[in-house]
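A closer look at the structure
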Amino acid sequence: MLALNDVTYKRKKKVLIKDISGEIKQGDCISLFGPNGAGKSTLLKLIAGLETPSSGTCVNENQEKISIGYVPQQLALFDHMTVRDHLTYYEKMTKQINQRYVNEMIEVLGLKDVLNLNVESLSGGMARKLNLAIGLIHEPDLILLDEAFVGVDLATKHDMLTWLHQLNEQGATNVMISHDWHVIEHIAQSMWILDDGELIDRFPIAQVDQKQREYGYYTGRDLRKMFALRR
Ligand SMILES: Nc1ncnc2c1ncn2[C@@H]1O[C@H](COP(=O)(O)OP(=O)(O)OP(=O)(O)O)[C@@H](O)[C@H]1O
C-alpha cells in the first residue's frame, strides 16, 4: 500500500526522522511505539502526507487513490458547534453518503446522547471520541491514529477497539500511536519501535514477550522502563 524508502525529515537543521524504510501493507495494524520525542507523530504526519520528507520517499504502491483518515493528538473541534453539526459538516465535506456506517459509528462511540450538545460542554473523553469520529467519517482505507484513546473510559475504549478491529478485518489498514498496552495488545498485529528518530526494531505482536525480555537489556533512554510497565 505504502512504501517508505530511506525517509529522513529535518526541521530547523534538526534531524527528526532518520533514514526510515518500511512497508505498510493493506490490512496491517501497526503500532508505533517509543518514548516521548522519539518521532512517532512526525512519522505519522509523513505517512499521512501532511509533511514531506527532506530526503527519501513515501510511495503509494497502489494504482488507485488511498483515502486517509488522520486523527491528530490535538483535538480539532469548534467549541460553539454541536456534535451533530460537526458530523454533518464533515459528512458533506467528505461526500459520505453511507448513513449506515455513520450511524454505527455514532452508536459505537456513544455519541448518540450528546448529538445536540456544543463541544464546549463535552467531557474530555467525549470530545476525543468526536475527534475520532470525524477522522473516520469517510470510511478511510488507511486509518492513522495519534493517541486517539487518551482519556476515554474503559467501556468505550473496548467498543472503539472492537470496532477498529472490525474495520481492519474488512480491509482497512491501521497505523496508530499509543502508549497503552491494553490498546496495543488488543488490535496491533505488529510493532515498530522508534527511538531518537530511528526505527530501531519491528516485529509481529506475537514476539512481544521475547522483545520485552530483550529490551530489559536495552541501554537506550526509556524503552527498558516502557516495556517494564507491561504486565
Ligand atoms: N514543528 C516542529 N519544529 C521543531 N521540532 C519539532 C517540531 N515538531 C516536533 N519537533 C521535535 O521533533 C521530535 C519528535 O517529536 P514527535 O512529536 O514526532 O515525537 P513523539 O514520539 O510523537 O513524542 P510524544 O510521544 O511526546 O508525542 C521532538 O524532539 C520534537 O521536539
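Structure report, in brief. Remember, predicted model here, so these are calculated numbers, not experimental data.

Rules behind the numbers
Residues numbered from 1 in each chain as written. Predicted model: local features only at pLDDT ≥ 70, side-chain atom pairs only at ≥ 80, totals over all residues. Heavy atoms only, no water. Salt bridge = Lys/Arg side-chain N within 4 Å of Asp/Glu carboxyl O. Helix = DSSP H or I, 4+ residues; strand = E, 2+ residues; numbered from the N terminus. Buried < 20%, exposed > 50% of the residue type's maximum accessible area, 1.4 Å probe, protein only. Pairing = 2+ DSSP bridges. Near = heavy atom within 4 Å. Polar contact = N/O pair within 3.5 Å; in protein donor to acceptor, adjacent residues only side chain to side chain. Areas by Shrake-Rupley, 256 points an atom, 1.4 Å probe, with all protein chains shown as cover. Axes fitted to C-alpha atoms, helices over the stretch in contact; angles between N-to-C directions.

Overall, the coordinates contain 6 salt bridges when judged by the stated rule. One salt bridge in this structure joins Lys18 and Asp196, with 3.6 Å as the shortest N-O distance. On the criterion of sequence distance, the pair formed by Lys18 in strand 2 (residues 14-24) and Asp196 in the loop between strand 8 (190-195) and strand 9 (198-204) is long-range, its members being 178 residues apart. Asp196 gets classed as partly exposed once you look at its relative accessible area, which sits at 46%. The partner of Asp201 in a salt bridge is Lys211, with the nearest N and O atoms 3.0 Å apart. Of this pair, Asp201 sits in strand 9 while Lys211 sits in helix 7 (residues 208-215), and the two are 10 residues apart along the sequence. We note that Asp201, like Lys211, is buried. Through salt bridges with shared partners, a single network forms among Asp201, Lys211 and Glu214.

Residue alternation in strand 5 (residues 68-71) divides its side chains into a buried set, Gly69 and Val71, and an unburied set, Ile68 and Tyr70. With 4 bridges connecting them, strand 5 and strand 6 (residues 142-146) associate as parallel partners. When the sheet's bridge partners are listed, Gly69 is paired in strand 6 with Ile143.

All right, on to the site of the ligand then. Surveying the vicinity of the ligand reveals 13 residues, the closest of which are Gly37, Gly39, Lys40, Ser41 and Thr42. At a separation of 3.0 Å, an oxygen atom of the ligand approaches a polar side-chain atom of Lys14. Protein coverage of the free-state accessible area of the ligand, which is 640 Å², stands at 66%. Going through the elements one at a time, strand 2 and helix 1 (40-48) are the ones with two or more residues in the shell around the ligand. Tallying contributions element by element places helix 1 first for the shell around the ligand, with 3 residues.

For the rest of this paragraph, the subject is the sheet that holds strand 1 (residues 2-11). Within a sheet, adjacent strands bond to each other through the backbone by hydrogen bonds, running parallel or antiparallel. Ordered in space as 2-1-4, the 3 strands form an open sheet in which the pairing is antiparallel. Each end of this open sheet is capped by a strand with a single partner; those strands are strand 2 and strand 4 (55-60). Across the sheet, the mean angle separating the axes of adjacent strands is 20° when strand polarity is ignored. Bridge count for strand 1 against strand 2 is 7 bridges, and the pairing is antiparallel. Of the residues in strand 2, the one forming a bridge with Leu4 is Gly22.

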